[in-house]
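One letter stands for each residue in the lines below.
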Amino acid sequence: MMAPLLPVMAAAVLMQAGNGLLQALLPLRMQAQGLSAADIGMVASAYGIGFAAGCLAAPRVVRKLGFVRAYAGLAALMAILALALPLAGGSVGWVLLRALTGVGFAGLFTVIEGWIGSGAQDGNRGRILAVYMVTTKLALMTGPLLLDPGGDQPFRLLILLILLSVLPVALTRPVRPALPTAVSLDLGGLFRLAPSALVGCFTVGVVTGTMIAFAPLYGLRIGLSEPAAAALLVALQGGSLLAQWPLGALSDRRDRRVVIAAVAAAGAVLSAGLALLPAGSPAWLVWTGFALWGSQVLCIYALCVAHACDVVPPGRIVPTVSGLLVVWAAGAMVGPVPGALLMDRLGPSGLFVYAAAGCTALAAFVLIRRAVRERERAPGPPAFRPLPPDSLTGAAISGPRTIVESSGIESSGTPPADIGPPGDGPSEGR
């Protein structure tokens, strides 16, 4: 049942190619304009703040406009920002515009991942999310190859990619999932519903954010050349591309928590092995170790998202995806600081000592949670369900029955449990 989601994935690939192009372009353009390293760092921080704000706002946008119009509107916002970026003057302008691009990309990610998570079924959700992760990572890696730093040509290409991404969504008729019945972010409720997914995403953010930030520095400190050290990032992503599909397929046949714990444990073992690598090790050996490490740890995020979508009610999938993105981003922001301190104290091996500790803690937590409570699934949909309209406003055209079904409000007018605080349903205690 992947075919109905292919237009959404095509849109994600085009959007991620534009994101990769922008990530490579902006530091070069800011440096050419004379911004200092501190100014560029502030711009990067502004993106993180905007990304978090976008994750918080996106579920309400989806609830009000529907998936298609929410995506189209956010893509239009990104096209406008791409037009404005060449006009940015000084650090203040760059900070403001980069924060707004964070809002836009966070909204687009939430719409896409919420749509895919809602449209997939428990029996194939791991594989579908694996395909999504592999294709979008390839697009993200391809985006910088499109870069021509001169003039405004890269910004025009960015606009083209963003607007092209709207076409698969707008010009096809994919199966559209039900609109979210809950829109507010409640991390406490999310922890009660899917604690393994929440803790997993935060831990992955801490560990992978640190690894990606310091992998080239690790390579230089153990004696690799600059090109060989930079290639460690390619090895990380390459390993994850090879393993994402097999792990996703495995998680569709087993309790996903067992797969998450096993992958985290494998990451801990690989981290311990890499921590023991002596300085002067051949580059091929280090690349191989990084590829194996990436094949495990960089795949955990998608497994956590799939697990969370299994156990929350369908109406909560969009705010759940949004919450997991926020938690992952928070981990990626705070993780590098203690990781850097440990590298300074222990040398290059401190990076993998840190990673081993994080992976071990995650594996232990997930196994303890599984021992405490067996897996529960969210209530499934009824045998027959009419196609939901694009928004509650549009539902009014179809009459009161459609409004009731799409909004999740019973005919008596009493809001369902989904609108209240998370944790009230049968999955509480997970």
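Everything numeric in this text was worked out from a predicted model, so none of it was measured. Here the residue index of a chain counts from 1 through its sequence in written order. It should be noted that, the model being predicted, local features are given only for residues of pLDDT at least 70 and side-chain atom pairs only at 80 or more, the latter also being counted only at that level, while totals for whole chains, interfaces and linings use all residues. Side-chain measures here rest on the full set of heavy atoms in the structure, leaving out hydrogens and waters.

Enquirer: Which residues make up the overall build of the protein, and what values go with them?
Expert: Per the secondary structure count, the protein includes 17 helices and zero strands. By residue count, 52% of the 430 residues in the protein fall in the buried class. Pairs of residues are marked as contacts when any of their non-hydrogen atoms sit within 4.5 Å. Intrachain contacts of the protein at a sequence separation of at least 6 include 85% that bridge at least 24 residues. Here the open area of atoms and residues is found with the Shrake-Rupley method and a 1.4 Å probe, where only the protein chains shown may cover a residue. Accessible surface, the protein: about 17,600 Å² in total, of which carbon and sulfur atoms supply 70%. Working definition: helices are DSSP H or I runs of at least four residues, strands are E runs of at least two. Numbering for both runs from the N terminus. Here's how the labels work: a residue is buried when its accessible area is under 20% of the maximum for its type, exposed when over 50%, partly exposed in between, all with a 1.4 Å probe on protein chains only.

Enquirer: Give a detailed account of helix H12 (residues 300–311), specifying residues and quantitative values.
Expert: Taking 1.5 Å of rise per residue, 12 residues should cover 16 Å, and H12 covers 17 Å from first to last C-alpha, within 8% of that figure. Among the 12 residues in H12, 12 count as buried, and that is most of the element. The span you would expect from a helix comes to 1.5 Å times its residue count less one.

Enquirer: Lay out the pattern of salt bridges with the relevant residues and their values.
Expert: For this document, the term salt bridge refers to a Lys or Arg side-chain nitrogen within 4 Å of an Asp or Glu carboxyl oxygen. For the structure shown, the criterion picks out five salt bridges. With a shortest N-O distance of 2.9 Å, Asp252 and Arg256 are connected by a salt bridge. A single burial state applies to Asp252 and to Arg256, both of which are buried. Taking the shortest distance from any N to any O, the salt bridge between Asp310 and Arg256 comes out at 2.5 Å. Of this pair, Asp310 sits in helix H12 while Arg256 sits in helix H10 (residues 256–275), placing them 54 residues apart in sequence. Overall, Asp310 belongs to the buried group, its relative accessible area being 2%. Here Arg256 falls in the buried class, since its relative accessible area comes to 1%. Within the structure, one salt-bridge network assembled from shared partners comprises Asp252, Arg256 and Asp310.

Enquirer: Tell me what's going on with helix H11 (residues 283–297), and back it up with residues and numbers.
Expert: When the terminal C-alpha atoms of H11 are compared, their 21 Å separation across 15 residues agrees well with the 21 Å that a helix rising 1.5 Å per residue should span. The set of residues buried in H11 consists of Val286, Gly289, Phe290, Trp293, Gly294, Ser295, Gln296 and Val297. Of the surrounding elements, those touching the buried residues of H11 are helix H8 (195–221), helix H9 (226–253), H10, H12 and helix H15 (350–372).

Enquirer: Which residues make up the packing of H8 against H11, and what values do they have?
Expert: Relative orientation and spacing of two packed helices are given, respectively, by the angle between their axes and the distance between those axes. Two elements in contact, H8 and H11, have axes whose closest approach is 12 Å; the angle formed by their N-to-C orientations is 165°. Judged on the interaxial angle alone, H11 and H8 are roughly antiparallel. Considering only the axes of H8 and H11, their crossing is left-handed. Across from Val204, Val207, Thr208, Met211, Ala215 and Tyr218 in H8, the residues of H11 making contact are Val286, Phe290, Trp293 and Val297. Lines fitted to the C-alpha atoms define the axes, with helices restricted to the stretch that makes contact. Angles between their N-to-C directions range from 0 to 180 degrees. Here the word oblique covers every angle except those under 35 degrees (roughly parallel), over 145 (roughly antiparallel) and from 65 to 115 (roughly perpendicular). Should the near helix be turned anticlockwise from the far one by less than a right angle, the crossing is left-handed, and should it be turned clockwise, the crossing is right-handed.

Enquirer: How would you explain a nonpolar patch on the surface if you had to name every residue and give the values?
Expert: On the surface, a nonpolar cluster with roughly 380 Å² of combined accessible area is contributed by Leu160, Leu164, Leu167 and Leu171. Structurally, Leu164 can be placed in helix H6 (residues 153–170). According to the relative accessible area criterion, Leu164 is partly exposed, its value standing at 34%. In this analysis, a patch consists of residues with relative accessible area above 30% that form no salt bridge, clustered at 9 Å for like charges and at 5 Å for the nonpolar side chains Val, Leu, Ile, Met, Phe, Trp and Tyr.

Enquirer: Tell me what's going on with the side chain of Ser281, and back it up with residues and numbers.
Expert: Turning to its location among the elements, Ser281 is positioned in the loop between H10 and H11. We classify Ser281 as buried; its relative accessible area is 9%. When sequence neighbours within four positions are dropped, the list of residues in contact with Ser281 reads Leu224 and Val286.

Enquirer: Tell me what's going on with the environment of Thr135, and back it up with residues and numbers.
Expert: Relative to the assigned elements, Thr135 resides in helix H5 (residues 125–142). Relative accessible area serves as the criterion here: at 27%, Thr135 is assigned to the partly exposed category. Taking the C-alpha atoms as reference points, Thr135 and Ala10, separated by 125 residues in sequence, lie 8.8 Å from one another. Polar contacts, as counted here, are pairs of nitrogen or oxygen atoms within 3.5 Å of one another; within protein the pair requires one atom able to donate a hydrogen and one able to accept it, and residues that are adjacent in sequence qualify only if both atoms are side-chain atoms. Among the polar contacts listed, one links the side chain of Thr135 to the backbone oxygen of Tyr132, at a separation of 3.1 Å.

Enquirer: Just give me the short version of the nonpolar core, but keep the residues and values in it.
Expert: Counting residues in each nonpolar core, the largest one holds 112 residues, and the members touching the most others are Tyr71, Phe290 and Trp293. Leave out the neighbours within four places in its chain, and Tyr71 touches Ala11, Met15, Leu108, Val111, Ile112, Ser165, Val166 and Val169. Residues belong to one nonpolar core when they are buried, are Ala, Val, Leu, Ile, Met, Phe, Trp, Tyr or Cys, and are joined through side-chain atoms within 4.5 Å.

Enquirer: Residue-level account of the packing of aromatic side chains, with values.
Expert: Centre distance within 6.5 Å is the pairing criterion for rings of Phe, Tyr and Trp, where only the six-membered ring of Trp is used; planes under 30 degrees apart are then read as stacked, over 60 as edge-to-face, and the remainder as tilted. All told, the structure shown has eight aromatic pairs when counted by the stated rule. Ring geometry for Phe51 against Phe109: centres 6.2 Å apart, planes inclined by 50°, an arrangement best described as tilted. Placement of the pair is Phe51 in helix H2 (residues 37–65) and Phe109 in helix H4 (residues 90–119), with a sequence separation of 58 residues. Here Phe51 and Phe109 have matching classes, each one buried. Aromatic side chains Tyr218 and Phe352 sit 5.2 Å apart centroid to centroid with 80° between the ring planes, which places their arrangement in the edge-to-face category. Of this pair, Tyr218 sits in helix H8 while Phe352 sits in helix H15, placing them 134 residues apart in sequence. Per residue, the accessibility class of Tyr218 equals that of Phe352, and both read buried. What links up through ring pairs into an aromatic cluster is the set Tyr218, Phe290, Trp293 and Phe352.

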